[in-house]
Amino acid sequence: MTQLALRSRITQLGSLTSRPLVFLVVPIYGTLWFIFERETFDWHGIATLATWLMTLFIQRSEHRDTQAIHAKLDELLHAEGAAESGLTRIDEEEPEEIERKREQHRSGD
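The shown structure was predicted, so the numbers you read here are calculated from the model rather than taken from an experiment.

Bringing the overall build of the protein chain into the picture now. A count of helical and extended segments in the protein chain gives four helices and zero strands. Secondary structure elements in the protein chain, listed N-terminal to C-terminal, are α-α-α-α. The contacts in the protein chain between residues at least 6 apart in sequence include a share of 48% that link residues at least 24 apart. Averaged over its 12 positive side-chain charges, the protein chain has a centre that lies 3 Å from the centre of its 18 negative ones.

What follows is the structure in structure tokens.
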């Protein structure tokens, strides 16, 4: 697997963790842990599951906020005639490519 493909998969995985269905993974994992390793399922196990669940809540919240900001910025770019329309699709790029484009735009200022 190439480095670009790996980056793309990691980005997709990050996006998938913001889906509501992922929240079912925590109770299923906790139930299986309780059934198969009951002696290790103690307060530390509960804290681990709570931490995992809070991480998913934070990821979901950040994803929602990011999508809202993108929608607002897309609308502003469409409304401004002099804006570079290609920027409305920049969120489909890999993070490193976005950083490179930002540096190019900054150096042009």
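The calculated volume of the largest pocket comes to roughly 660 Å³. Together, 25 residues line the largest pocket, and Thr66, His70, Asp91, Glu92 and Ile98 are the ones closest to its centre. The set of elements that each furnish at least two residues to the lining of the largest pocket consists of α1 (3–16), α3 (43–79) and α4 (95–107). Residue contributions to the lining of the largest pocket peak at nine residues, all from α3. Among the residues forming the lining of the largest pocket, the class breakdown is six nonpolar, ten polar and nine charged.

Calculation criteria
- Residues numbered from 1 in each chain as written.
- Predicted model: local features only at pLDDT ≥ 70, side-chain atom pairs only at ≥ 80, totals over all residues.
- Heavy atoms only, no water.
- Helix = DSSP H or I, 4+ residues; strand = E, 2+ residues; numbered from the N terminus.
- Contact = heavy atoms within 4.5 Å.
- Lys, Arg positive; Asp, Glu negative; His and termini not counted.
- Charge placed at Lys NZ, Arg CZ, Asp CG, Glu CD.
- 1 Å grid on protein atoms, 1.4 Å probe; cavity = no way out; pocket = protein on both sides within 12 Å on 5 of 7 lines; lining within 4 Å.
- Points joined across faces, edges and corners; volume = space filled by probe spheres on them.
- Nonpolar A, V, L, I, M, F, W, Y, C, P; charged D, E, K, R; others polar.

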